[in-house]
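# Overview (structure and organization)
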Amino acid sequence: MCRNIKTLFNFEPPATELEIRDASLQFVRKLSGFNVPSKANEAAFDRAVEDVAAAARTLIHSLVTTAEPRDREIEAARARARSAARFPTRP
């Protein structure tokens, strides 16, 4: 799976439309192999992004959980810590 696609469910505040669209764009890029589609494929590519975003939106709004919502700032700090441990800076 593409590392740039982030979990969007069960966060406080909830995922924004931009986050859903960005994840959908990354997913379609991964599936198609195109970072930027040609003019001939642009309409199909854009339609796929919108379809995936609609499906993601439906999924996120349909899921239920008893877990407490995760805090975006805490999760971002954890991700930065993992990244720092994985890619230490050199003096």
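Given the structure is predicted, the values throughout are model-derived calculations rather than measurements. (Residues numbered from 1 in each chain as written. Predicted model: local features only at pLDDT ≥ 70, side-chain atom pairs only at ≥ 80, totals over all residues. Heavy atoms only, no water.)

Glancing now at the confidence of the model for the protein chain. Any segment with low pLDDT has predicted coordinates that should not be analysed in fine detail. Mean pLDDT over the protein chain stands at 90; residues scoring 70 or higher make up 95%. Element-level pLDDT for the protein chain is lowest in strand β1 (residues 11–12), with a mean of 88, against a maximum mean of 97 in helix α2 (residues 39–62). (pLDDT = per-residue confidence, 0-100. Helix = DSSP H or I, 4+ residues; strand = E, 2+ residues; numbered from the N terminus.)

Now for unusual backbone geometry. Cis geometry is found at the peptide bond from Glu12 to Pro13, where omega equals 0°. Examined against the element boundaries, Pro13 turns out to sit in the loop between β1 and α1 (17–32). Even without a glycine there, the phi angle at Asn10 is positive, about 65°. Counting through the fold element by element, Asn10 comes out in the segment before β1. We classify Asn10 as buried; its relative accessible area is 17%. (Buried < 20%, exposed > 50% of the residue type's maximum accessible area, 1.4 Å probe, protein only.)

Further remarks concern the packing of α1 against α2. Axis separation between α1 and α2 bottoms out at 8 Å; the angle between their running directions is 125°. Between α1 and α2, the interaxial angle falls into the category oblique. Read as a crossing pair, α1 and α2 show a hand that is right-handed. Contacts from Glu17, Ile20, Arg21, Ser24, Leu25, Phe27, Val28, Arg29 and Ser32 in α1 reach Phe45, Ala48, Val49, Glu50, Val52, Ala53, Ala56, Arg57 and Ile60 in α2. Of the residues contributing to the contact of α1 with α2, the split by class is eleven nonpolar, two polar and five charged. (Axes fitted to C-alpha atoms, helices over the stretch in contact; angles between N-to-C directions. Parallel < 35°, antiparallel > 145°, perpendicular 65-115°, else oblique. Left-handed = near helix turned anticlockwise from the far one by under 90°. Contact = heavy atoms within 4.5 Å. Nonpolar A, V, L, I, M, F, W, Y, C, P; charged D, E, K, R; others polar.)

A word on α1. At 3.6 residues per turn, the α-helix brings residues three or four places apart onto the same side. Taking 1.5 Å per residue, 16 residues should reach 22 Å; α1 reaches 22 Å between its end C-alpha atoms and fits that length. Within α1 the residues assigned to the buried category are Ile20, Ala23, Ser24, Leu25, Gln26 and Val28. Along its buried surface, α1 packs onto α2. (Expected span 1.5 Å × (residues − 1).)

This next bit is on the nonpolar core. Membership of the largest hydrophobic core is limited to six residues, which are Leu8, Ala15, Ile20, Ala23, Ala53 and Ile60. The contact partners of Ile20, leaving out residues within four places of it in the chain, are Leu8, Ala15, Ala53, Ala56, Arg57 and Ile60. (Core = buried A, V, L, I, M, F, W, Y, C linked by side-chain atoms within 4.5 Å.)

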